[in-house]
Amino acid sequence: MKKALLVLMLVVAMCGCAFAESDSEYVKAKGVLVVGITDFQPMDYKNEAGEWIGFDADLAKAFAESLGVKVEFQEIEWNNKILELNGKNIDCVWNGMTLTAEVLSSMECSKPYCNNAQIIVVPVSEADKFQNMESIKQRGITFAVEHGSAGDEQAKSQGLKTVEVQDQASALMEVASGSSNAAIIDSLMAAAMVGPGTGYENLTYTIGLNIEEYGVGFRKGSDLAEVLNKFFDAGYATGAIEKLAEQYKIQAALIKK
């Protein structure tokens, strides 16, 4: 009797595995790809009509279309991105996400598609005081950083004091308003939002703290990461991705492999 029960349990388990729904099937069945983002120009941000645009946002729209589903953008607390993903509140994190050790161990990630770095942003009038890390540390400067971000991680690794904010846009506002002396944000964002001709003409960037790569994260074990890799390959082959990168002025950061 026990042996028969054991065999029955094994059969049930095997059937469950055989009919387990893949992540791509799950997304197609519900008809929408929910993309976790933050306000991060030039990757994900709103235009004057209140629509999400940007290099990542536009790519996500095209990817969703290739799957035959709609796209929905959901703003998330960056530090909760893994919880949001595993809880199926979102289907992927596509927001200039640095491929850190934590991200790679917790998500099924696409291949890298953009180079990036974490850099220090300060008022133009203070730039000469932020050219040397040792002097910065001695002065005990507090840096505005997005909670749970690569900038937050870099600040901690450098032993810097921080004030944590909701997103990188908020970190810039902290510096612009004088609430913080400096911020650590992504170089791609700084290039788009800081300096002459931008909304933050009185800010500039100084020291680069690292070199890193962006990727898109799905639930661990998801087949959508490989589907996206093939989508990237096709986009490079047709020139569509490079054209989009030129539109958002990030072509120099593209990784083609």
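Residues numbered from 1 in each chain as written. Predicted model: local features only at pLDDT ≥ 70, side-chain atom pairs only at ≥ 80, totals over all residues. Heavy atoms only, no water.

Undergrad: When you look at the packing of aromatic side chains in this model, what are you seeing that I'm missing?
TA: For any pair of aromatic rings, the description consists of the separation of the ring centres together with the inter-plane angle of the planes. This structure, assessed with the given rule, holds nine aromatic pairs. Pairing F40 with Y214 gives two aromatic rings, centres 6.4 Å apart and planes at 85°, and the pair type is edge-to-face. Here F40, found in the loop between β1 (32-37) and β2 (45-46), pairs with Y214, found in strand β13 (residues 212-219); they are 174 residues apart in sequence, far enough to count as distant. Centroid distance Y113 to Y214: 6.4 Å. Interplanar angle 50°. Geometry classified as tilted. One end of the pair, Y113, is in the loop between β6 (107-109) and β7 (114-116); the other, Y214, is in strand β13, with 101 residues separating them in the sequence. (Phe/Tyr/Trp six-rings, centres within 6.5 Å; stacked < 30°, edge-to-face > 60°. Helix = DSSP H or I, 4+ residues; strand = E, 2+ residues; numbered from the N terminus.)

Undergrad: For this particular structure, what's the right way to read the side chain of E212?
TA: Inspection of the secondary structure assignment puts E212 in strand β13. A polar contact is formed between the side chain of E212 and the side chain of Q118, at a distance of 2.6 Å. Separated by 2.8 Å, the side chains of E212 and N210 make a polar contact. Not counting residues within four places of it along the chain, the set of residues in contact with E212 comprises T98, C114, N115, N116, A117, Q118, A150 and D186. (Polar contact = N/O pair within 3.5 Å; in protein donor to acceptor, adjacent residues only side chain to side chain. Contact = heavy atoms within 4.5 Å.)

Undergrad: Help me understand the sheet that holds strand β11 (residues 182-186) in this model?
TA: Adjacent strands of a sheet pair through backbone hydrogen bonds, lying either parallel or antiparallel. With respect to topology, five strands assemble into an open sheet ordered β10-β9-β11-β8-β12, the strand pairing being mixed. Edge positions in the sheet fall to β10 (161-165) and β12 (203-208), since each of these pairs with one other strand and no more. Averaged over all neighbouring strand pairs, the angle between strand axes comes to 35°, with direction disregarded. Against the sheet, helix α7 (residues 150-157) engages β8 (118-123), β9 (142-146), β10 and β11, with an angle of about 145° to β9. Sitting on the sheet, helix α8 (residues 168-177) is in contact with β8, β9, β10, β11 and β12, with an inclination near 155° to β11. (Pairing = 2+ DSSP bridges. Axes fitted to C-alpha atoms, helices over the stretch in contact; angles between N-to-C directions.)

Undergrad: I keep staring at helix α2 (residues 23-30) and nothing clicks. Help me out?
TA: For α2, every residue scored as buried is listed here: D23, S24, Y26 and V27. Looking straight down α2, one finds that the buried residues subtend no more than 160° of arc, so they occupy a single side. Looking at the buried positions of α2, the neighbouring elements they touch are β1, β13 and α10 (224-238). Two residues or fewer after α2 comes G31, characterised by a positive phi angle close to 80°. (Buried < 20%, exposed > 50% of the residue type's maximum accessible area, 1.4 Å probe, protein only. Arc of directions from axis to C-beta.)

Undergrad: How should the environment of A245 be read in this particular structure?
TA: With respect to the helices, strands and loops of the structure, A245 is situated in helix α11 (residues 240-247). Along the backbone, A245 and G54 are 191 residues apart, and their C-alpha atoms lie at a distance of 9.4 Å.

Undergrad: Can you help me understand the nonpolar core in this one?
TA: What tends to happen in soluble globular proteins is that the nonpolar side chains get buried as a cluster. Of all hydrophobic cores here, the largest spans 56 residues; its most connected members are F55, F63, W94, Y113, C114, L172 and F232. When residues in this core are grouped by element, the largest group, seven residues, is from helix α3 (residues 55-67). Once you skip the residues sitting within four places of it in the chain, F63 turns out to touch L33, W94, F218, L224, V227, L228 and F231. Residues A127, I141, F143 and I184 belong to the second largest nonpolar core, which totals 15 residues. (Core = buried A, V, L, I, M, F, W, Y, C linked by side-chain atoms within 4.5 Å.)

Undergrad: It is not clear to me how the confidence of the model for the protein chain should be interpreted in this structure. Could you clarify?
TA: The predicted structure's coordinates, where accompanied by low pLDDT, should not be read in detail. Residues of the protein chain with pLDDT of at least 70 account for 92%, and the chain-wide mean is 91. Long-range and interchain partners of residues 5-18, a stretch whose pLDDT sits below 50, account for zero contacts in this model, where long-range means more than four residues apart. (pLDDT = per-residue confidence, 0-100.)

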